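# Secondary and tertiary structure notes
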Amino acid sequence: MTTGQSLIIDTDPGQDDAVAILLALASPEIHLLGITAVAGNVPLALTEVNVRKVCDLAGRTDIPVFAGLDRPLVRPLITAEHVHGKTGLDGPDLPDPQTPLQDQHAVDFMIETLRREPAGSVTIAPVGPLSNVAMAMQMAPDIIPRIKQIVLMGGAYFEVGNITPAAEFNIHVDPHAAAVVFASGVPITMMPLDVTHKALTSTDRVAALRNIGNRTGAAIADMLEFFERFDEAKYGSDGAPLHDPCTIAWLIDPKMFVGRHCNVEIETSSELTMGMTVIDWWRVTNRPENALVMGDLDADRFFALITERLARLP
Ligand code: BDR
Ligand code: CA
């Protein structure tokens, strides 16, 4: 019998995506049905390979991995090699993956899975641009009420933007997809930069991962030491925000986060603020609440969870 919450991770690895995947794979609270790759940090041809390398690292070559959209719904793809490196997963030297790529398209996998599994049982955790999720909703609107919830990394309010002055990367890359998802009526928990910028690595936190002494801890420490250099230079911090694992940590231990229900609308017309998440944090409109927006977390508890769970992997 399988236990744990049924989950699909939709991702564009990305070093922080890798930690999110590994945290899910190491946690009995999660039953991972499959991982779908999307174009984002780097092109799809690299993100699908990176997902499979991460599954290999965890010794989970059995996890079904699917390739999805190679571009946003409307706009041209923007990538972030300046943050994640040429491969998207720069840092450790990982071998070519053994985990196979499934023939089925990621969007078809999402649709088929949501139609097959009991209604209201499957959670989706998108930690890249929302292109695959929005496409599945547009192709098969019958799946929308069957989704239990969406727990996503994206957007910002008080922190405003990281890829433009006004927008966070995942939402900026495919704002039209984000608009579809936020208008869908599915319960959404949102991890914006406001919370992920408090989930900062540090020399001690990365050392704790390396000191686990397993291959996963060593590879993740190598990844994070590479990943940190960009944010340290940009923000003058001691480390980098571990954005994407916030979604999985919330599914495992929601009490480490604090947030509030808000209305969130996505800017899709102004070039200047494209992909801005307009969050009614202070409830100054009558627009309906459509997301639980996180603002704070207990960072020590977050890193303790990641370290303890990654120690369960090879
Ligand atoms: C988001 O963009 C990517 O670079 C990260 O993996 C994360 O999902 C942060 O803005
Ligand atoms: Ca990501």
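Everything discussed here concerns the structure shown above.
So, a few notes on the structure that sits alongside this text. Residue positions are counted from 1 within each chain, in the order its sequence is given. Throughout, the order in which chains and ligands are written sets their labels, letters from A for the former and numbers from 1 for the latter. The predicted nature of this model means local features are confined to residues of pLDDT at least 70 and side-chain atom pairs, given and counted, to a pLDDT of 80 or more, with totals for whole chains, interfaces and linings taken over all residues. Excluding hydrogens and water, the side-chain figures rest on all heavy atoms present in the structure.

Donor selection uses N, O and S atoms within 2.8 Å of the metal (3.2 Å for Na, K and Ca). Since no water is included, sites may look incomplete. Ligation of the calcium ion (ligand 2) by protein atoms is provided by Asp 12 (OD), Asp 17 (OD), Asp 17 (OD), Val 127 (O) and Asp 244 (OD), these donors lying 2.3 to 2.7 Å from the ion. Mapping the donors of the calcium ion (ligand 2) onto the primary sequence yields the spacing D-x4-D-x109-V-x116-D. Note that Asp 17 is positioned in helix H1 (residues 15-25) and Val 127 in the loop between strand S4 (122-126) and helix H5 (131-139), a separation of 110 residues in sequence. When sorted by exposure, Asp 17 lands in the same class as Val 127, which is buried. Secondary structure follows DSSP: runs of H or I at least 4 residues long count as helices, runs of E at least 2 residues long count as strands, and numbering of each begins at the N terminus. When accessible area is computed with a 1.4 Å probe and restricted to protein chains, residues below 20% of their type maximum are described as buried, those above 50% as exposed, and intermediate ones as partly exposed.

By the element assignment, Gly 275 lies in the loop between strand S8 (264-266) and strand S9 (277-279). As a C-alpha pair, Gly 275 and Gln 98 span 177 residues in sequence and 36 Å in three-dimensional space.

When two rings of Phe, Tyr or Trp (its six-membered ring) have centres within 6.5 Å they constitute a pair, described as stacked for plane angles under 30 degrees, edge-to-face for angles over 60, and tilted for the intermediate range. Scanning the model with the defined rule gives 5 aromatic pairs in all. Look at Phe 66 and Phe 109: their rings are 3.9 Å apart centre to centre, the planes differ by 15 degrees, and that puts the pair in the stacked class. One end of the pair, Phe 66, is in strand S3 (residues 65-67); the other, Phe 109, is in helix H4 (residues 106-116), with 43 residues separating them in the sequence. With respect to class, Phe 66 is no different from Phe 109; both count as buried. With a centroid separation of 5.2 Å and 90 degrees between ring planes, the pair formed by Phe 302 and Phe 303 is classed as edge-to-face. A positively charged side chain is recorded as over a ring if its NZ (Lys) or CZ (Arg) lies within 6 Å of the ring centre. The angle to the ring normal must also be within 35 degrees. Directly above the aromatic system of Phe 226 lies the positively charged group of Arg 229, at a separation of 4.1 Å from the ring centroid.

In short, shape yes, function no, at least from these values alone.
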